[in-house]
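So the chains spell out like this:
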Amino acid sequence: MKRTELERRERELRKAEKKKIQPGEKEAMSVGDYIDALFGMFRYDTDEIFNASDDENILELLENMKMEHPEKQWDVIIRKAVNKTKVEQKDKAYDALRHLAGISVATA
């Protein structure tokens, strides 16, 4: 067998092992999964998101997000979920969600 073929098989095995989930281990949600889940929990109209600052389910989701993803992705998840609603008062909802999650202001 050629060396390139062996290397390809080794790469495929490493990929397969990364994707395996150990018995009893919970599969982590991706960034996109968190964006979709957060978006699905929002109650909003064209102007604002109503439950951005006081929903316990949203708080629980944000806490899970903080445990599973690095800090640099938290703002991205929240901002993209808020932007997906297309409400006019995005900044108000974004600030309320950051405050609810206990996330400090991001410096860019």
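Higher on the page you've got the structure.
Conventions and cut-offs
Residues numbered from 1 in each chain as written. Predicted model: local features only at pLDDT ≥ 70, side-chain atom pairs only at ≥ 80, totals over all residues. Heavy atoms only, no water. Axes fitted to C-alpha atoms, helices over the stretch in contact; angles between N-to-C directions. Helix = DSSP H or I, 4+ residues; strand = E, 2+ residues; numbered from the N terminus. Parallel < 35°, antiparallel > 145°, perpendicular 65-115°, else oblique. Left-handed = near helix turned anticlockwise from the far one by under 90°. Contact = heavy atoms within 4.5 Å. Salt bridge = Lys/Arg side-chain N within 4 Å of Asp/Glu carboxyl O. Phe/Tyr/Trp six-rings, centres within 6.5 Å; stacked < 30°, edge-to-face > 60°. Buried < 20%, exposed > 50% of the residue type's maximum accessible area, 1.4 Å probe, protein only. Lys NZ or Arg CZ within 6 Å of the ring centre and 35° of its normal.

**Student:** How should the packing of helix α2 (residues 31-41) against helix α4 (residues 71-85) be read in this particular structure?
**Tutor:** Each pair of packed helices gets described by two things: the angle between the helix axes and the distance between those axes. Where α2 meets α4, the closest approach of the two axes is 9 Å, and the angle between their N-to-C directions is 45°. By the criterion of interaxial angle, the relationship of α2 to α4 is oblique. The handedness of the crossing between α2 and α4 is right-handed. On α4, the residues touching V31, Y34, I35, D36, L38 and F39 of α2 are Q73, I77, I78, K80, A81, K84 and T85.

**Student:** What is the right way to read the pattern of salt bridges from this model?
**Tutor:** It is possible for side chains of opposite charge to pair when their charged atoms get near one another. Evaluation of the coordinates by the stated rule reveals 6 salt bridges. E48 is the partner of K92 in a salt bridge, and the nearest nitrogen-oxygen pair spans 3.3 Å. On the criterion of sequence distance, the pair formed by K92 in helix α5 (residues 90-101) and E48 in the loop between α2 and α3 (56-68) is long-range, its members being 44 residues apart. Note that R98 is salt-bridged to D95, the shortest N-O span being 3.3 Å. Note that R98 and D95 are positioned in helix α5 at a spacing of 3 residues, about one turn of the helix. Several salt bridges converge on common partners, so that one network encompasses E5, R8, R9 and E12.

**Student:** Please explain the packing of aromatic side chains as it appears in this structure.
**Tutor:** Working definition: an aromatic ring pair is given by the centre-to-centre distance plus the angle between the planes. Following the criterion strictly, the structure yields 1 aromatic pair and no others. Aromatic side chains F39 and Y44 sit 6.1 Å apart centroid to centroid with 40° between the ring planes, which places their arrangement in the tilted category. Judged by its relative accessible area of 23%, F39 falls in the partly exposed class. Taking relative accessible area as the criterion, Y44 reaches 34% and is therefore assigned partly exposed. Taking NZ or CZ as reference, K66 lies 5.5 Å from the ring centre of W74, over its face. Just above the ring of Y94 sits the side chain of R79; from NZ or CZ to the centre is 3.8 Å.

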